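Architecture and fold: a report
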Amino acid sequence: MDDQAQIVIDGVTHTYRPAHGRAVLALSDVSLEVRAREFLALLGPSGCGKSTLLYLVGGFLPTEVGRILVEGRPVSAPGPDRGIVFQHFALFPWKTVRANVLYGLERQPLSRPEREQRAQAFIDLVGLGGFEESYPSQLSGGMRQRTALARTLAFDPSILLMDEPFGALDAQTRALMQTELLGIWRRTPKTVIFVTHDVQEAVYLADRVAVMSTRPGRIKTIVDTRFGDRNPSILRSKQFVEKVDEIWDLVRVEAIKAQEDTAP
Amino acid sequence: MTRAALRYLPLLILAVAWEAAARLNIVSALALPPLSHVAAAWVDLVRDGDLIDNGLTSLYRLIAGFLLAVGVGGALGLAMASWRWLDAALRPLVELFYPLPKSALIPVTVLWLGFGDGSKILLIFLGCMIPVTIGAYNGARGSDHVLVWSARSMGAGRVRLLWDVVMPSALPELLNGVRTALALSFILLVSSELISSQRGFGYLIGYLGDNGSYAGMFAVVLTVAFLGFAADRLYQILMRWFLRWCE
């Protein structure tokens, strides 16, 4: 199993030091391995450090204690091998849908027509054909997140880091996007680390769910959540509901702890 | 068309009231020459070439000082937002210079560069630079770190980040600073020319006033007012185009 791990997180501890206020131990001795083309969900209440862990893998924050290896090499900076999708889309508001998607392709060894073609293919893939010349401000939340997804998929990172990507969307759009993401993931298999606090979402999307404890963040347990065929109908299956309950019980304790932590 | 006409109706009413007040001797014609006399004086000034000559001199000073201020001020603001040591070094200077009435520098710039174009350009440059710098600085400081991260994950280096993310993020505030600078540039131009110049709009206003050609004086004042107004309108159109992506 070890030699298959694409991402190795080994004994990572991270202290968050805000410019004002006291330092917070965000992650404590976190170890985790993610296999190539695996879909892993990081699940935990807000403030458990799951996004911090994602940013460390992304290379946006420096690893201070422990080590993070991607394809055997320690992570030192962001790179196009690890694409990221943020909760609030992080689109360039001054660029059109097309220009946003093209941005990640600019530094790829492709000719201009190839880039254009590739951008168009991914805009079509996420169902945004016809909106190429729209600015993000003219799009709905769901369409913005589709654009962000197309932008990240277009430069073909082998790893997809997703930071509560559907957290800002309404329930219907979220359900739609989840199914769509699975479809895309099946067609272009990638290693995915998907941060969420939504148990059902985690169980539905992921092969494995890493449940995190709160403050300091630790991996509490890892649950295998592979079912047969993933489609919306499994959401009502007994197997699925039981799995959600099982994980929900694990998370509940942490959620209550997190509430007590933030209570005045 | 009718909406535009309605919008400027108050100006028309003001013009009629002006003409009437002077004609009916409600105000002395010396204090306020009738608008028709002002118009006639304007035509004469154009025909003599006085208005054009002095106008071109003024426009040259204005544009040179303004463009210098936008270029240097914008770059300075972005640089201060990007490098902490530069921020630490220059911020006290900017803060000190900000509330200073820039017209107080008129004698200083004359002392350094004489009565010609140089002192006017320097004054406009110094005065207009501050709002541009502050706009660029605040705009760049406010750029979303998630956008920076996004660009970095797509392989953008330091220079590309500045160009692709920080600058566009700064644009709305930067352009507002530039608009303030545009208004300031007219103020500084005319006041410096009134005090220390042998050419330009300000000089012409002072000269005509001193010689009792009040209709001519008003003609130049109205010309400057119109140019300032037109420049601002044009700038707003440009700004809207630049910021067409804003919500």
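For the structure itself, consult the block above.
Here the structure is a predicted model, which is why all the values come from computation and not from measurement. (Residues numbered from 1 in each chain as written. Chains lettered and ligands numbered in written order. Predicted model: local features only at pLDDT ≥ 70, side-chain atom pairs only at ≥ 80, totals over all residues.)

The subject of this paragraph is the overall build of chain A. The secondary structure content of chain A amounts to 7 helices and 10 strands. The C-alpha atoms of chain A give a radius of gyration of 19 Å, which matches the 18 Å a tight globule of 264 residues would have. For the C-alpha atoms alone, the extent of chain A along its principal axes is close to 50 × 45 × 45 Å. Relative to its full complement of 264 residues, chain A shows a buried share of 42%. (Helix = DSSP H or I, 4+ residues; strand = E, 2+ residues; numbered from the N terminus. Rg over C-alpha atoms; globule rule 2.2 N^0.38 Å. Buried ≥ 20, exposed ≤ 12 C-beta atoms within 10 Å, placed from the backbone.)

To continue, consider the interface of chain B and chain A. With 12 residues of chain B at the interface, the matching set in chain A holds 19 residues. For the side of chain B that touches chain A, the element with the most residues is helix H8 (residues 145-153) of chain B, which contributes 6 residues. Residues that form the side of chain B that touches chain A fall into these classes: 7 nonpolar, 3 polar and 2 charged. (Contact = placed C-beta atoms within 7 Å. Nonpolar A, V, L, I, M, F, W, Y, C, P; charged D, E, K, R; others polar.)

Our next topic: the pairing of strand S9 (residues 208-213) of chain A. Residues and elements named next belong to chain A. Most of S9 sits inside the fold, with 5 of its 6 residues counted as buried. Inspection of the sheet shows S9 paired to strand S10 (residues 218-224) by 6 bridges, in the antiparallel sense. What sits directly across from Met212, in S10, is Ile219. Between the antiparallel neighbours S9 and S10 lie 4 residues, among them Arg215 with a positive phi of about 35°. (Pairing = 2+ DSSP bridges.)

Let's shift gears to helix H1 (residues 50-58) of chain A. Across the 9 residues of H1(A), 8 count as buried, placing the element largely inside the fold. Of all the residues in H1(A), the buried ones are Lys50(A), Ser51(A), Thr52(A), Leu53(A), Leu54(A), Leu56(A), Val57(A) and Gly58(A).

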